[in-house]
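# A structural walkthrough
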Amino acid sequence: MTIRVVIADDQTLVRTGLRMILDNADDLEVVGEAGDGAEAVGLVADLDPDVVLMDIRMPEMDGVAATAAITVAHRTRVLMLTTFDLDEYVYAALHAGASGFLLKDALAPDLLSAVRVVAAGEATLAPTVTRRLLDRVVTGLPAPPPDDRLGLLTGREREVLQHLARGLSNAEIAELLYLSPGTVKTHVGRVLTKLGLRDRVQAVVFAYEAGITR
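The shown structure was predicted, so the numbers you read here are calculated from the model rather than taken from an experiment.

### Some points on the nonpolar core
The biggest cluster of nonpolar side chains holds 25 residues, and the ones touching the most others in it are A8, V52, M54, I70, M80, L94 and F101. Where this core is concerned, the elements lending two or more residues are β1 (3-8), α2 (37-47), β3 (51-55), α3 (63-73), β4 (77-82), α4 (87-95), β5 (101-103) and α10 (200-210). Among the elements that line this core, the one with the most residues is α4, at four residues. Counting residues in each nonpolar core, the second largest holds 23 residues, with L164, A165, L192 and Y208 among its members.

Structure representation (structure tokens):
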């Protein structure tokens, strides 16, 4: 099945380059381009794409606001485009419902892989990047108030959530906890359901905000 993608970036050359990479893949199709967040929201409503490649800083409506508008009303997943010097924007985007982020200097194979992962309903969580970015932002925040939703989790589910927040895969969590990958997958699903979260990225944000990773 072809993955339908909308590209949102205020720079025409960036959009052109991304389109060239995506359209060269047999399973990906760029169905629209937007120059700002508001235009991206409109295209999602009209075209119902699988994924939006969303720049964070754009005129009119930035990528964070556009992501929030898209994820609350549509099934479309959002993959943010960013650079290392925008840590606070990355955190805001993840909080708004983005399913991950990609550095603008990423190689073409990494871009294609990230789009496919997000389209499949997963999330891009590279431990060496995501955790470092979240650590920088969250470390300086005051201690959060208790979150009542934590009480819904069993001890094992809370343990799995802590490892999710470290950016570990199901296989890595399974090895650490001496469980099968299938059992870990079941625990992850229960964690997301009980906490009302969309995917693993939101689980990471929740864990940091709830203070269980501090």
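### Quick notes on the sheet that holds β4
The five strands are arranged β2-β1-β3-β4-β5 in an open sheet whose pairing can be described as parallel. Strands with a single pairing partner mark the edges of an open sheet, and in this sheet they are β2 (28-34) and β5. When strand polarity is set aside, the average angle formed by the axes of neighbouring strands in this sheet is 25°. Relative to β5, β4 runs parallel, the two being bridged by three bridges.

### Considering the side chain of T67
Inspection of the secondary structure assignment puts T67 in helix α3. On the basis of relative accessibility, which here comes to 0%, the residue T67 falls in the buried class. Excluding residues within four positions of it along the chain, T67 makes contact with M54, V78, M80, A93, A96, G97 and A98.

### Some thoughts on the pairing of β3
β3 sits mainly inside the fold: five of its five residues count as buried. Residues V51, L53 and D55 of β3 are buried on one face, and the alternating residues V52 and M54, pointing to the opposite face, are buried as well. Note that β1 and β3 share four bridges and pair parallel. Bridging from a neighbouring strand, A8 pairs with M54 of β3. Assessed by its sense of winding, the connection that carries the chain from β3 through α3 to β4 is right-handed.

### Quick notes on the packing of helix α7 (residues 155-165) against α10
Look at α7 against α10: their axes get within 8 Å of each other, and the N-to-C directions meet at 100°. Relative to α10, the element α7 lies roughly perpendicular. On α10, the residues that touch L161, L164 and A165 of α7 are R200, A203, V204, F206, A207 and Y208. Grouping the amino acids of the contact of α7 with α10 by side-chain chemistry returns eight nonpolar, no polar and one charged.

### Things to note about the environment of R200
With respect to the helices and strands, R200 occurs in helix α10. In this structure the C-alpha to C-alpha distance between R200 and G167, which are 33 residues apart in sequence, comes to 8.8 Å.

What counts, and where the lines are drawn
Residues numbered from 1 in each chain as written. Predicted model: local features only at pLDDT ≥ 70, side-chain atom pairs only at ≥ 80, totals over all residues. Heavy atoms only, no water. Core = buried A, V, L, I, M, F, W, Y, C linked by side-chain atoms within 4.5 Å. Buried < 20%, exposed > 50% of the residue type's maximum accessible area, 1.4 Å probe, protein only. Helix = DSSP H or I, 4+ residues; strand = E, 2+ residues; numbered from the N terminus. Pairing = 2+ DSSP bridges. Axes fitted to C-alpha atoms, helices over the stretch in contact; angles between N-to-C directions. Contact = heavy atoms within 4.5 Å. Right-handed = clockwise from strand over helix to strand, strands pointing away. Parallel < 35°, antiparallel > 145°, perpendicular 65-115°, else oblique. Nonpolar A, V, L, I, M, F, W, Y, C, P; charged D, E, K, R; others polar.

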